[in-house]
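Architecture and fold: a report
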Amino acid sequence: VTAGPPRPPAVGAQFTSHHLPDERQLFLFSAVTWNAHRIHYDRAWARHEGHPDLLVHGTLQGGWLAQLAASIAEPWGRVSRFEFRNLAPAYVNQELVATATVTEVEGERVHVSLELRGPQGPVTTGSATLTPDPLTSNPLTPDPLTSNPLTSDALTSGRQTSTPLTPARDGDEGSDA
Amino acid sequence: MESHPMVSGLDNRCDPAAGGGLDAAALSAADRQRLTELRITYPEVEITRELVQRYDVALGRADRRSPAQTLAPVLVYTLLTRPPTPIAELQPAEHDPPTAGPGGGRRVVFGGLTVELIRPVRVGDRLRGVRRVHSIEEKAGRTGPLVIVHWLTEFVDATDALVLRELSRQVIR
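Heads up: these notes are all about the structure in this document. Remember, predicted model here, so these are calculated numbers, not experimental data.

Observations regarding the pattern of salt bridges
Residues and elements named next belong to chain B.
- All told, the structure shown has 18 salt bridges over all chains when counted by the stated rule.
- In this structure, the salt-bridge partner of Glu50 is Arg54, at a minimum N-O distance of 2.9 Å. Here the residue Glu50 and the residue Arg54 both occupy positions in helix 2 (residues 49–59), the gap between them amounting to four residues, near one helical turn.
- The exposure class assigned to Glu50 is partly exposed, which follows from its relative accessible area of 45%.

Shown next, in the form of structure tokens:
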């Protein structure tokens, strides 16, 4: 995971992480999440269900996107909202690249779009909202070298906000991941 | 400490192990009622450094967190929502009993989630939670009729303060 900036990033900033899940990682993730679904560790069963190989857990993919978002925020803040949706299966031993793009800076909140791409295209999308963490030891000041519209005043408050959760948009039929 | 989730409102037609079924095209009023009466409670669990490290390793994180890093991974709470189902009751194609769905040969897939962290989860937190059906949609999908179940899961800390709310989607084909 790319190290995050010491200050909130500007709109347009991008961060990436690379992942190459092998059988051992799928096993460990199944174990730690108590997930017995055989498509993640039993190749014959995965093929029985119509897949060419073992599937990467949807929540592992989501975990990578959340990890990337957290790495951006960690020096100065935290993830206060995160969502992801699996679009297509991802398979073992295929490289997956996670990308986070800062799309909007709204007062003290930074909005990030997230995408995980495999060899055939996007497999998971998501978004996150990053907010200052009052317990962080780093000053919450914006990077003066960017055109980030954040202001120091907006970032020095540790105010936490809560917005209603709403169901994801229609049209998604889910993923076996 | 009791570590098994407590489920109420779950009868054998909704128990994936029992293989009970929903109507092929849509939910009956009885099925809908059964789902909406489900309440799954997750007993209090401490977010330990070891739990976080195991999750970090499973995510592929190569370095160890320093003791000063107390922020837990965003999705660490998902480790608390998997019931330790006895092996004999596990279904090969189902992965999240008892919310795995109705069984009866219908395919159940995970449709993503949204989580709002009212405050960050930190090492040392003691969390307990409740999951229930938030809403149910029936719609026509590309491959036939779909039922989309939205599950609302909330975790509170040892002082009963809300820590996080998750809305997840389960698609039943």
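Right, picking up where we left off after that structure.
Some points on helix 3 (residues 58–73) of chain A
- Taking 1.5 Å per residue, 16 residues should reach 22 Å; helix 3 of chain A reaches 23 Å between its end C-alpha atoms and fits that length.
- Most of helix 3 of chain A is tucked away, with 15 of its 16 residues classed as buried.

Section: the nonpolar core
- Among the nonpolar cores identified, the biggest contains 71 residues, and Phe82 and Leu130 of chain A together with Leu75, Val115 and Val121 of chain B are the most heavily contacted of them.
- With eight residues, the top contributor of residues to this core is helix 3 of chain A.
- Setting aside chain neighbours within four positions, we find Leu75 of chain B in contact with Thr59, Gly62, Gly63, Ala66, Phe82 and Phe84 of chain A together with Tyr55, Leu113 and Val115 of chain B.

Points about the environment of Ala44 of chain A
- Checked against the element boundaries, Ala44 of chain A lands in helix 2 (residues 43–48).
- Measuring from C-alpha to C-alpha, the distance between Ala44 of chain A and Ala31 of chain A comes to 19 Å, with 13 residues separating the pair along the chain.

Regarding the packing of helix 3 of chain A against helix 2 of chain B
- At their nearest, the axes of helix 3 of chain A and helix 2 of chain B sit 10 Å apart, and the two run at 105° to each other. Taken together, the axis directions place helix 3 of chain A and helix 2 of chain B in an arrangement best described as roughly perpendicular. Residues Leu60, Gly63, Trp64 and Gln67 of chain A of helix 3 of chain A form the contact with helix 2 of chain B, whose participating residues are Tyr55, Ala58 and Leu59 of chain B.
- Among the residues forming the contact of helix 3 of chain A with helix 2 of chain B, the class breakdown is five nonpolar, two polar and no charged.

Thoughts on the pairing of strand 5 (residues 121–132) of chain A
Residues and elements named next belong to chain A.
- Within strand 5, nine of the twelve residues are buried, which leaves it mostly tucked inside the rest of the structure.
- Direction of pairing for strand 2 (residues 77–86) relative to strand 5: antiparallel, over a ladder of nine bridges. Its bridge partner being in strand 5, Arg85 is matched across the sheet by Thr125.
- Relative to strand 5, strand 4 (residues 109–118) runs antiparallel, the two sharing nine bridges. Residue pairing for strand 5: Ser113 is matched across the bridge by Ser127.
- Hairpin remark: strand 4 followed by strand 5, antiparallel, with two residues in the connecting loop.

Reading the values: rules and limits
- Sequence order as written defines residue numbering, which begins from 1 separately in each chain.
- Each chain takes a letter, starting from A, and each ligand takes a number, starting from 1, following the order in which they are written.
- Note on the predicted model: pLDDT of at least 70 is required for a residue's local features to be given, and 80 or more for side-chain atom pairs to be given and counted; whole-chain, interface and lining totals, by contrast, use all residues.
- Water and hydrogen atoms were dropped before computing side-chain values, which therefore reflect all heavy atoms in the structure.
- The salt bridge criterion pairs a side-chain nitrogen of Lys or Arg with a carboxyl oxygen of Asp or Glu, the two atoms within 4 Å.
- Each helix corresponds to a stretch of at least 4 residues labelled H or I by DSSP, and each strand to a stretch of at least 2 residues labelled E; elements are numbered beginning at the N terminus.
- The rule is simple: take the accessible area with a 1.4 Å probe, protein chains only, and divide by the maximum for that residue type; under 20% is buried, over 50% is exposed, in between is partly exposed.
- Here the expected length of a helix is defined as 1.5 Å per residue gap, with one fewer gap than residues.
- Only buried residues count toward a nonpolar core. Its members are Ala, Val, Leu, Ile, Met, Phe, Trp, Tyr and Cys residues joined through side-chain atoms within 4.5 Å.
- Here a residue-residue contact requires only that any non-hydrogen atoms of the pair lie within 4.5 Å.
- Fitting a line to C-alpha atoms yields each axis, with helices limited to the stretch in contact; the angle taken between N-to-C directions then spans 0 to 180 degrees.
- In this scheme, roughly parallel covers angles under 35 degrees and roughly antiparallel covers those over 145, while 65 to 115 is roughly perpendicular and the rest are oblique.
- Nonpolar residues are Ala, Val, Leu, Ile, Met, Phe, Trp, Tyr, Cys and Pro. Charged residues are Asp, Glu, Lys and Arg, and all others, Gly as well, are polar.
- Should DSSP find at least two bridges between two strands, the strands are taken to pair.

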